[in-house]
Amino acid sequence: MHENTEIRREASRISYINNNSSGPSANGKRHIVIPAGINFFHITEQATGQVKGFRCRHTDACELARTLER
């Protein structure tokens, strides 16, 4: 099993995602970019932790996350 598997499965436990004062969607973003390995990123739905896509470059992953927001 990959070393980051637990992080991907439990995306809601990552500290920068939790915002106790305003709820999970306070910043208006439904998708987040999570590092999943060396030069590999998952675009994950914040509410469910489900992976919606992946990219090898961070800038491409961020672009896909922005596209999924629309």
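Conventions and cut-offs
Residues numbered from 1 in each chain as written. Predicted model: local features only at pLDDT ≥ 70, side-chain atom pairs only at ≥ 80, totals over all residues. Heavy atoms only, no water. Helix = DSSP H or I, 4+ residues; strand = E, 2+ residues; numbered from the N terminus. Buried < 20%, exposed > 50% of the residue type's maximum accessible area, 1.4 Å probe, protein only. Areas by Shrake-Rupley, 256 points an atom, 1.4 Å probe, with all protein chains shown as cover. Pairing = 2+ DSSP bridges. pLDDT = per-residue confidence, 0-100. Contact = heavy atoms within 4.5 Å. Salt bridge = Lys/Arg side-chain N within 4 Å of Asp/Glu carboxyl O.

## Considerations on the overall build of the protein chain
Across its full length, the protein chain carries 2 helices and 3 strands. Taking all 70 residues of the protein chain together, 31% fall into the buried category. For the protein chain, the exposed surface amounts to about 5,100 Å²; the carbon and sulfur share of it is 50%.

## Looking at the pairing of strand S3 (residues 51-55)
As defined by bridge partners, strand S2 (residues 40-45) adjoins S3 across 4 bridges and the pair is classed as antiparallel. Counted as the bridge partner of Thr 44 is Val 51 from S3. Counting the residues in the hairpin turn of S2 and S3 gives 5 residues, including Gly 49, whose phi is positive at 80 degrees.

## Some words on unusual backbone geometry
Positive phi, normally seen in glycine, also occurs at Asn 39, with a value near 55 degrees. You can see Asn 39 is positioned in the loop between strand S1 (31-37) and S2.

## Considering the confidence of the model for the protein chain
The predicted model of the protein chain has a mean per-residue pLDDT of 75, with 60% of residues at 70 or higher. Low pLDDT, under 50, characterises residues 15-26; the stretch is placed with 9 contacts to residues that sit more than four places away or in other chains.

## Here we look at the pattern of salt bridges
Tallied over the full model, the rule gives 3 salt bridges. The salt bridge involving Arg 57 is made with Asp 60; its shortest N-O contact spans 3.0 Å.

## A short note on the pairing of S1
With 5 of its 7 residues buried, S1 lies for the most part within the structure. Across 6 bridges, the pairing between S1 and S2 is antiparallel. Residue pairing for S2: Gly 37 is matched across the bridge by Phe 40. The turn linking S1 back onto S2 is made up of 2 residues, and Asn 39 within it adopts a positive phi angle of 55 degrees.

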